[in-house]
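The primary structure of each chain is shown beneath.
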Amino acid sequence: MDDAVITVRGLRKRYAAVEAVAGIDLEVSRGEIFAFLGPNGAGKTTTVEILEGFRRRSDGEVRVLGVDPAHAGSAWRNRVGTVLQESAAEPGLTVRECMQLYAGYYDAPRDIGETIALVGLQGTEETLGDQLSGGQRRRLDVALGLIGDPELIFLDEPTTGFDPSARRAAWSVIEGLRELGKTVFLTTHYMDEAENLADRIAVIAGGRIVAEGTPQTLGGRERMATRISFTLPDGIGSDDLPLRASTQNGRVAIESERPLADLKELADWALARGLELPDLDVRQPSLEDVYLQLTGGPE
Ligand code: ATP
């Protein structure tokens, strides 16, 4: 595939007795935001570090921007940006100085002021990196990852510890990368983040890819039953309901393959009896429901 930025075939990584990555295939295309999800210990960091050229694989084929990261040189490194979980800010340097230092590592860095603005750090240029708030420091990390104007950016849990508005702001920064035509490989534990940002998602569990798809189709989500739920009206038993339902603590749940028809039947039944269906809720499984199913339930 011409526009493949990352191609992985049969990737394996063993650490003594542990097979952390047990033969995975991945393909990420140019301009995509690709989210890599999985529970703790699933093999995400190991995979990402192999793709970044920081870790050797035991087996398999890996191409990142057409090059094997295990043998890549500085020209390749110039094309790849990494934003790690730990902060990269240098102690004692201001935001601008930090950016200048990092810009010096690259052949053709981005404009410093423009990059600071892209991550929403305008006005903090003269602030010391270690005096930034946690959220601002993370933005500086993203800015440092972008300063070399990479084609491909690895973002490792970019919004961990952010408050809700800082997360939204970070999402628009990541959206901005899409508009710049960058390819983003995003590792996250937040389903709403993957749902909002990702074009495609792969889920890894126990070193294997257990599902791959768009946020809408992952794990067959679009074909899963819709859940209709409501509080059992006073004086009604679950046996009185017109549809097969399960009841727990007075809350009725109906798994429906044809939600519109089932809702009509339910509404007709309730209206004929002058009943309300309190707290009526109709919903498709969330990405989190699907993810928990794929990875074996809550940890
Ligand atoms: P998390 O979400 O907790 O960061 P992860 O999906 O990134 O987890 P990895 O860090 O890739 O998971 O770890 C996968 C498995 O490999 C785990 O069982 C881990 O204990 C093991 N592992 C990781 N690094 C090493 C190492 N250097 N030596 C031995 N075992 C390791």
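Residues numbered from 1 in each chain as written. Predicted model: local features only at pLDDT ≥ 70, side-chain atom pairs only at ≥ 80, totals over all residues. Heavy atoms only, no water.

Quick look at the overall build of the protein now. Helix and strand content of the protein: nine helices and 13 strands. Projected onto its principal axes, the C-alpha positions of the protein cover 75 × 45 × 35 Å. Across the 299 residues of the protein, 46% fall into the buried class. Taking all contacts inside the protein whose residues are at least 6 apart in sequence as the whole, residues at least 24 apart take part in 67%. Taken as a whole, the protein presents about 14,500 Å² of accessible surface, with 47% of it coming from carbon and sulfur. If you average the places of the 32 positive and of the 48 negative side-chain charges in the protein, the two averages end up 4 Å apart. (Helix = DSSP H or I, 4+ residues; strand = E, 2+ residues; numbered from the N terminus. Buried < 20%, exposed > 50% of the residue type's maximum accessible area, 1.4 Å probe, protein only. Contact = heavy atoms within 4.5 Å. Areas by Shrake-Rupley, 256 points an atom, 1.4 Å probe, with all protein chains shown as cover. Lys, Arg positive; Asp, Glu negative; His and termini not counted. Charge placed at Lys NZ, Arg CZ, Asp CG, Glu CD.)

Attention now goes to the nonpolar core. In this structure, L37, M99, L140, L155 and I201 are the most contacted members of the largest nonpolar core, which totals 38 residues. Formed by 24 residues, the second largest nonpolar core is a distinct cluster that contains I6, F36, A42 and V48. (Core = buried A, V, L, I, M, F, W, Y, C linked by side-chain atoms within 4.5 Å.)

Turning next to empty space enclosed by the protein. Scanning the entire structure with this criterion turns up one cavity of 30 Å³ or more. Of the pockets and cavities examined, the largest cavity occupies roughly 60 Å³. Counting residues per element, the ones that place at least two in the lining of the largest cavity are α5 (134-146) and α6 (164-179). Broken down by element, the residue count for the lining of the largest cavity peaks at three residues, all from α6. In terms of residue class, the lining of the largest cavity is made up of seven nonpolar, no polar and one charged. (1 Å grid on protein atoms, 1.4 Å probe; cavity = no way out; pocket = protein on both sides within 12 Å on 5 of 7 lines; lining within 4 Å. Points joined across faces, edges and corners; volume = space filled by probe spheres on them. Nonpolar A, V, L, I, M, F, W, Y, C, P; charged D, E, K, R; others polar.)

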